[in-house]
Amino acid sequence: MTSYLIGLVGSGIGPSLTPDLHQREADHHGLRYLYRRIDIDGLGLGAAEAGELVRGARRFGYEGLNITHPCKQTVIPHLDGLSADAAALGAVNTVVFDGDRAIGHNTDWSGFAQSFARGLKDAPARRVVQLGAGGAGAAVAHALLTLGVDRVTLVDTDPERAAALAGALAGRFGPARAGAADSGRLAELLTGADGLVHATPTGMARHPGLPLSVELLRPHLWVADLVYRPLVTELIGRARALGCRTLDGAGMAVFQAADAFRLFTGREPDTERMLAHMTTLVTA
């Protein structure tokens, strides 16, 4: 039986369902698949020390790692190479060990793109406001522009980070297609927007609450949240109550996991089966 040793590196990852998704899919393929959580909080490490964990995992025989908040960008200098997508995004969520080389990939963007196409395929998407410009935010904004959104406006608690990401996106997709704005302009921006994407940790079990005032939401907006635990965040719940179309974070979590599983194993995952597994895991 073929065996794989995989890890998840990040902060506060105890509630993550990624390990369970991978292991359940591996069972269907007849693989011996051990997926371990490597929580930097429990190890007393910071995001800047993600490179130590990559080197340690390679020494201990891991086939690959998934990388999550807050290490998606800090891990890059410690890798031997990047896929074209990861290099363009400046963020890595999957590391594959290939002999003596550690290669970084990004399956967040493709995961969101597949989720959006499945859950909001007919939604208008000319102008989108996105909250969050970190590693996940970079991937999602890239996905939105790849899908054909006319313009993405980024709002982040760190205005310099939002401006830097907007500049990088404008360089790839054109200057008219990405910009950054101060949070004080949210009311104005959302009035003219088709959709709102939330790409920050707010709403997670460890970070409850809303990322913006609910008074800024309007029924014509669609709202997408990357958070999937809880599946119905306060943002998604409030948006649905107002009549907004919504997209929860489960689809992105599944599709990015499926793409990573393919990279780790070379096997073709069954995404419908994985979506069913996600529903079971979330409601358990």
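S.K.: Provide a residue-level description of the sheet that holds strand β10 (residues 195-198), including the pertinent values.
M.R.: Backbone-to-backbone hydrogen bonds join strands into a sheet, with any given pair of strands oriented parallel or antiparallel. A sheet is described by the order of its strands in space; here six strands give the open sequence β9-β8-β7-β10-β11-β12, paired in parallel fashion. Only two strands of the sheet have a single partner each, and these edge strands are β9 (178-180) and β12 (245-247). The average angle at which neighbouring strand axes cross in this sheet is 20°, direction not considered. Of the strands in this sheet, β7 (127-131), β8 (151-155), β9, β10 and β11 (222-225) are in contact with helix α6 (residues 135-146), which crosses β7 at around 175°. Helix-sheet contacts for helix α9 (residues 234-242) involve β10, β11 and β12, and the interaxial angle to β11 is about 165°.

S.K.: Tell me about the pattern of salt bridges, residues and numbers included.
M.R.: With the rule as written, the count across this model stands at twelve salt bridges. The salt bridge partner of Arg37 is Asp20, with a shortest N-O separation of 3.6 Å. One end of the pair, Arg37, is in strand β2 (residues 32-39); the other, Asp20, is in helix α1 (residues 18-28), and 17 residues separate them in sequence. Look at Asp20 and you get partly exposed, because its relative accessible area is 30%.

S.K.: Break down the nonpolar core for me, with residues and values.
M.R.: Counting residues in each nonpolar core, the largest one holds 31 residues, and the members touching the most others are Phe112, Leu144, Leu154, Val197 and Trp222. Looking at this core, the elements that each hand over two or more residues are α5 (108-119), α6, β8, α7 (159-173) and β11. Of the residues forming this core, the biggest block, seven residues, is contributed by α6. Not counting residues within four places of it along the chain, the set of residues in contact with Leu144 comprises Phe112, Phe116, Val128, Gln130, Val149, Val152, Val197 and Trp222. Core analysis: the next-biggest nonpolar cluster, separate from the first, contains 20 residues, Leu5, Val9, Ala50 and Leu53 among them.

S.K.: Tell me about the packing of aromatic side chains, residues and numbers included.
M.R.: Applying the stated criterion across every chain, the model contains four aromatic pairs. Centre to centre, the rings of Tyr4 and Tyr33 are 5.9 Å apart; their planes meet at 45°, and the pair counts as tilted. Of this pair, Tyr4 sits in strand β1 (residues 3-10) while Tyr33 sits in strand β2, and the two are 29 residues apart along the sequence. Residue classification places Tyr4 among the buried positions, given a relative accessible area of 12%. Look at Tyr33 and you get buried, because its relative accessible area is 8%. Ring plane angle 70° and centroid distance 5.1 Å describe the contact between Phe116 and Trp222, whose orientation is recorded as edge-to-face. One end of the pair, Phe116, is in helix α5; the other, Trp222, is in strand β11, and 106 residues separate them in sequence. The exposure class of Phe116 is buried, given its relative accessible area of 8%. An aromatic cluster is defined as three or more aromatic residues linked by ring pairs; in this entry it consists of Tyr4, Tyr33 and Phe261.

S.K.: Tell me about the environment of Thr280, and please be specific about residues and values.
M.R.: Following the sequence through the fold, Thr280 ends up in helix α11 (residues 271-283). Measuring from C-alpha to C-alpha, the distance between Thr280 and Ala193 comes to 34 Å, with 87 residues separating the pair along the chain.

S.K.: Summarise the pairing of β2; cite the residues concerned and give the values.
M.R.: Here β1 pairs with β2 via eight bridges, running parallel. Its bridge partner lying in β2, Gly10 is registered against Asp39. Tracing the backbone out of β1, into α1 and back to the parallel element β2 gives a crossover that is right-handed.

S.K.: So what's going on with the environment of Leu216? Which residues, and what values?
M.R.: Tracing the backbone through its elements, the reader meets Leu216 in the loop between β10 and β11. We classify Leu216 as partly exposed; its relative accessible area is 22%. For the pair Leu216 and Leu186, spaced 30 residues apart in sequence, the C-alpha to C-alpha distance is 7.6 Å. If we ignore the near neighbours within four places in the chain, the residues touching Leu216 are Leu186, Ala187, Leu190 and Leu221.

S.K.: Give a description of helix α3 (residues 50-59) that names residues and reports values.
M.R.: When we look at burial in α3, the residues that qualify are Ala50, Gly51, Leu53, Val54, Gly56 and Ala57. In this structure, the buried side of α3 is in contact with β1, β2, α2 (40-43), β3 (64-67), β5 (94-98) and β6 (101-105). Count one or two residues on from α3 and you reach Gly61, which has phi positive near 90°.

S.K.: Quick one: what's the story with the environment of Phe261, residue by residue and with numbers?
M.R.: Checked against the element boundaries, Phe261 lands in helix α10 (residues 250-265). Classification of Phe261 as buried rests on a relative accessible area of 0%. Sequence separation between Phe261 and Met1 is 260 residues, and the spatial gap between their C-alpha atoms is 17 Å. If we ignore the near neighbours within four places in the chain, the residues touching Phe261 are His22, Glu25, Ala26, His29, Leu31, Tyr33, Gly266, Arg267 and Pro269.

Cut-offs and rules
- Residues numbered from 1 in each chain as written.
- Predicted model: local features only at pLDDT ≥ 70, side-chain atom pairs only at ≥ 80, totals over all residues.
- Heavy atoms only, no water.
- Pairing = 2+ DSSP bridges.
- Helix = DSSP H or I, 4+ residues; strand = E, 2+ residues; numbered from the N terminus.
- Axes fitted to C-alpha atoms, helices over the stretch in contact; angles between N-to-C directions.
- Contact = heavy atoms within 4.5 Å.
- Salt bridge = Lys/Arg side-chain N within 4 Å of Asp/Glu carboxyl O.
- Buried < 20%, exposed > 50% of the residue type's maximum accessible area, 1.4 Å probe, protein only.
- Core = buried A, V, L, I, M, F, W, Y, C linked by side-chain atoms within 4.5 Å.
- Phe/Tyr/Trp six-rings, centres within 6.5 Å; stacked < 30°, edge-to-face > 60°.
- Right-handed = clockwise from strand over helix to strand, strands pointing away.

This is a description of form; function is not addressed.
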